[in-house]
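Residues per chain are reported as follows:
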Amino acid sequence: MFHRIKLKSEADIALIRESSLLVGKTLAEVAKAIRPGVPLIHLDKIAEEFIRDHKAVPSFKGYNGFPAALCLSVNDVVVHGIPSTTMLEDGDIVSVDCGVYKNGFHGDYAYTFAVGEISEEKRLLVKRTKESLYLGIKAAKAGNTIGDIGYAVQHYVESFGYGVVRELCGHGIGRNMHEKPDIPNYGISGKGEPLKLGMVFCIEPMITQGSRRIYMEADQWTIRTQDRLPAAHFEHQIALTKEGTEVLSTYEYIEEVLGKNVI
Ligand code: MG
Ligand code: MG
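Here is a short report on the structure shown in this document.

Rules and cut-offs
- Residues numbered from 1 in each chain as written.
- Chains lettered and ligands numbered in written order.
- Predicted model: local features only at pLDDT ≥ 70, side-chain atom pairs only at ≥ 80, totals over all residues.
- Heavy atoms only, no water.
- Core = buried A, V, L, I, M, F, W, Y, C linked by side-chain atoms within 4.5 Å.
- Buried < 20%, exposed > 50% of the residue type's maximum accessible area, 1.4 Å probe, protein only.
- Helix = DSSP H or I, 4+ residues; strand = E, 2+ residues; numbered from the N terminus.
- Donors = N, O, S within 2.8 Å, 3.2 Å for Na, K, Ca; no water.
- Pairing = 2+ DSSP bridges.
- Axes fitted to C-alpha atoms, helices over the stretch in contact; angles between N-to-C directions.

Looking now at the nonpolar core. Core analysis: the biggest nonpolar cluster contains 53 residues, and L43 and F201 have the highest contact counts within it. The element that contributes the greatest number of residues to this core is helix α1 (residues 10-33), accounting for 6 residues. One finds I16, A68, C71 and W221 within the second-largest nonpolar core, a separate group that totals 14 residues.

So, in structure tokens, the structure goes:
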């Protein structure tokens with residue numbers, strides 16, 4: 001069967017791992033600055049400087065005209081929020097999505113942070129969205145299908161009455177930030193493209209507390225929930241190798257910064 005999925009060599013994967021590691025360290029720098037009163041553009045500046053200091057380029061900046069290094073999505077913004085002078089407030093949740101381009105390959109992943117004290121409802125949404133990502137990763141192995149990943153995410157979060165955004169999904173990644181295949185966060189076990197050794201892709205559940213319905217704002221980027229209830233977003237980057245499923249991205253540096261505040 002003909003398809004356009006670019007399988008990666010071990011050498012490719014080593015370079016992607018390096019790009020991915022830089023994303024993790026960048027997100028940790030951002031994590032240090034997250035607190036009530038910080039303007040979103042300040043976080044973006046920290047990220048861009050850190051990426052460039054490490055001889056890499058922010059993948060998002062200029063991508064289809066996106067104006068910043070980070071996507072910063074607060075509360076009911078699901079993804080693709082543009083950093084502005086708006087300040088974070090106590091009780092917000094903010095998804096920080098970061099991409100870097102280094103040595104010809106992209107890293108891309110995301111983490112949702114709590115700002116100050118958040119409600120129990122938000123805490124559970126964040127915790128369960130992160131858990132759904134790990135369930136998706138567990139289903140992502142050679143021999144399974146893309147539908148197995150989506151099923152694992154969807155089955156878990158819908159059991160809490162949450163919504164799974166359908167319009168956006170995970171994606172292959174490599175020399176391009178978005179490659180085939182699409183990795184939806186919903187699906188049917190055993191259906192869809194078979195997962196093969198050499199595939200490298202991002203799994204990124206975008207989970208809403210209420211309805212899964214979203215809309216795009218007039219800026220042509222910001223994706224918001226229609227019911228204005230919050231959404232959470234986590235993303236990891238994985239490779240299917242002979243040794244098994246490798247998570248190339250890491251939350252280790254971020255969670256070192258967060259310490260006992262890890263959700
Ligand atoms: Mg992505
Ligand atoms: Mg991303």
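Text resumes after the structure shown.
Below, the discussion takes up the coordination of the magnesium ion (ligand 1). Four donors placed tetrahedrally about a metal ideally form angles of 109.5 degrees, and six donors placed octahedrally ideally form angles of 90 or 180 degrees. Protein ligation of the magnesium ion (ligand 1) involves D108 (OD), H171 (NE2), E204 (OE) and E235 (OE), the donor distances falling in the range 2.1 to 2.3 Å. Sequence spacing of the donor residues for the magnesium ion (ligand 1), all on one chain, is D-x62-H-x32-E-x30-E.

What follows is about the coordination of the magnesium ion (ligand 2). Every protein donor of the magnesium ion (ligand 2) is accounted for by D97 (OD), D97 (OD), D108 (OD) and E235 (OE), and the metal-donor separations fall at 2.0 to 2.4 Å. For the magnesium ion (ligand 2), all donor residues lie on one chain, and their spacing in sequence is D-x10-D-x126-E. Here the magnesium ion (ligand 2) and the magnesium ion (ligand 1) are spaced 3.1 Å apart, and both take D108 as a donor. Of this pair, D97 sits in strand β4 (residues 93-102) while E235 sits in the loop between β13 (231-233) and β14 (236-241); the two residues are 138 residues apart in sequence, bridging distant segments of the chain. Taking relative accessible area as the criterion, D97 reaches 6% and is therefore assigned buried.

Pairing is antiparallel in the open sheet, where 3 strands are placed in the order β3-β12-β11. Lying at the two open borders of the sheet, with one neighbouring strand each, are β3 (77-79) and β11 (214-216). The average angle at which neighbouring strand axes cross in this sheet is 40 degrees, direction not considered. For β11 and strand β12 (residues 223-225), the ladder comprises 3 bridges, and the chain directions are antiparallel. Counted as the bridge partner of M216 is I223 from β12.

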